[in-house]
Amino acid sequence: MRSSNTDMWATPQYVFDELNKEFNFTLDPCATKENAKCKKFFTEKEDGLKQDWSDEVVFMNPPYGRVIGNWVKKASEGGAKIAVCLLPARTDTQWFHEYIYEKAEIRFIKGRLKFGDSKNSAPFPSMVVIFKQNIQL
């Protein structure tokens, strides 16, 4: 769910569950105590951008506002074994071309997700982006 006061979109549980079956996540670096998807997580106060992601298998659904590019950069360069990101499919952005295009696996999601407890679909398409350390795609 999203409110006008935040750029956080709560991950649909079924989306996380399907990805977790495949990747076995160990860290959620962009969480709140209420919506954390992993036992190990960082809140806004702890600032996951400043934390070490080394040797982690990361699930990331970052804030979708202006800072999203910083999160995508961290996922692409942050040293995690694997970083799996749920992102808006904004293929026209600088962060998409600098950090994702031809550098990561991209899985576009058919249809539009319903985030959190929302009854309505998001006003944008979504994608899952997978960064694998030391693996060229």
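The structure displayed is predicted, hence computed values, not measured ones.

Help me out: how do you make sense of helix α1 (residues 13–23) in this one?
Owing to its 3.6 residues per turn, the α-helix aligns residues three or four sequence positions apart on the same side. What α1 keeps buried is the set V15, F16, L19 and F23. Across the axial projection of α1, the buried residues extend over an arc of 90 degrees, all falling on one side. Turned more than 90 degrees away from the buried face of α1, the exposed residues are Y14 and K21. Structurally, α1 contributes buried residues whose contacts are with β3 (57–60), β4 (82–88), β5 (105–108) and β6 (126–132). With its phi angle positive at about 55 degrees, N24 sits one or two positions after the end of α1.

Mind showing me how you'd approach the confidence of the model for the chain here?
Interpreting fine coordinate detail is not advised for predicted regions of low pLDDT. Residues with a pLDDT of 70 or more make up 90% of the chain, whose mean pLDDT is 88. Of all the helices and strands in the chain, α1 carries the lowest mean pLDDT, 95, while strand β1 (residues 27–28) carries the highest, 98. Overall, residues 1–6 carries pLDDT values under 50, and its contacts beyond four positions in sequence, including any with other chains, amount to 9 contacts.

Sorry, what's going on with the packing of aromatic side chains here?
Centre distance and the angle of the planes are the two values used to describe a pair of aromatic rings. Counted according to the given criterion, the structure contains 7 aromatic pairs. Their ring planes at 55 degrees and their centres at 5.4 Å tell us that F25 and F59 sit as a pair that is tilted. Here F25 is found in the loop between α1 and β1, whereas its partner F59 is found in strand β3, with 34 residues between them in sequence. Its relative accessible area of 10% is what places F25 among the buried residues. Members of the aromatic cluster, joined through ring pairs, are F16, F23, F25 and F59.

Reading the values: the criteria
Residues numbered from 1 in each chain as written. Predicted model: local features only at pLDDT ≥ 70, side-chain atom pairs only at ≥ 80, totals over all residues. Heavy atoms only, no water. Buried < 20%, exposed > 50% of the residue type's maximum accessible area, 1.4 Å probe, protein only. Helix = DSSP H or I, 4+ residues; strand = E, 2+ residues; numbered from the N terminus. Arc of directions from axis to C-beta. Contact = heavy atoms within 4.5 Å. pLDDT = per-residue confidence, 0-100. Phe/Tyr/Trp six-rings, centres within 6.5 Å; stacked < 30°, edge-to-face > 60°.

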